[in-house]
Amino acid sequence: MTRVYVCNCFGVTEAQVAKHAEGGACTPRQIASACKAGTDCGSCVRRIQALLGRGACPRREAADQGESILTELAGVAGMADLEDAA
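Residues numbered from 1 in each chain as written. Predicted model: local features only at pLDDT ≥ 70, side-chain atom pairs only at ≥ 80, totals over all residues. Heavy atoms only, no water.

Visitor: With reference to specific residues and values, describe the overall build of the protein.
Guide: Helix and strand content of the protein: six helices and two strands. Written out in order from the N terminus, the α and β elements of the protein read β-β-α-α-α-α-α-α. Taking all 86 residues of the protein together, the buried fraction comes to 24%. The contacts in the protein between residues at least 6 apart in sequence include a share of 37% that link residues at least 24 apart. As presented, the protein carries roughly 5900 Å² of accessible surface, and 49% of it is formed by carbon and sulfur atoms. (Helix = DSSP H or I, 4+ residues; strand = E, 2+ residues; numbered from the N terminus. Buried < 20%, exposed > 50% of the residue type's maximum accessible area, 1.4 Å probe, protein only. Contact = heavy atoms within 4.5 Å. Areas by Shrake-Rupley, 256 points an atom, 1.4 Å probe, with all protein chains shown as cover.)

Visitor: Please provide a residue-by-residue account of the packing of helix α1 (residues 14–22) against helix α2 (residues 28–35), values included.
Guide: Packing of α1 against α2 brings their axes to within 10 Å, and their N-to-C directions diverge by 105°. In terms of orientation, α1 and α2 fall into the roughly perpendicular class. Along the contact surface, α1 presents Val 17, His 20 and Ala 21, while α2 presents Ile 31, Ala 34 and Cys 35. Taken together, the residues of the contact of α1 with α2 sort by class into five nonpolar, one polar and no charged. (Axes fitted to C-alpha atoms, helices over the stretch in contact; angles between N-to-C directions. Parallel < 35°, antiparallel > 145°, perpendicular 65-115°, else oblique. Nonpolar A, V, L, I, M, F, W, Y, C, P; charged D, E, K, R; others polar.)

Visitor: Explain unusual backbone geometry residue by residue, including any values.
Guide: Although it is not a glycine, Lys 36 sits at a positive phi angle of roughly 75°. Note on placement: Lys 36 falls in the loop between α2 and α3 (45–52).

In structure tokens:
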């Protein structure tokens, strides 16, 4: 099996990005939090964006349709006051 590296700085592969996306990471920032990809030189961020695609995340689809995702994110991140701030 050929490994295709997305982030050479931290040795992160396409398969690892896909695994994190399946686990709920929808943005390059969330991928960075999961595996550090994109946090050093930044040259891989556009590739990560391409791998994530527009339809890869159910929360993003809900947001694109105008639904509030703040309550769900507050529960996930432990930020109960996030919706009140919006």
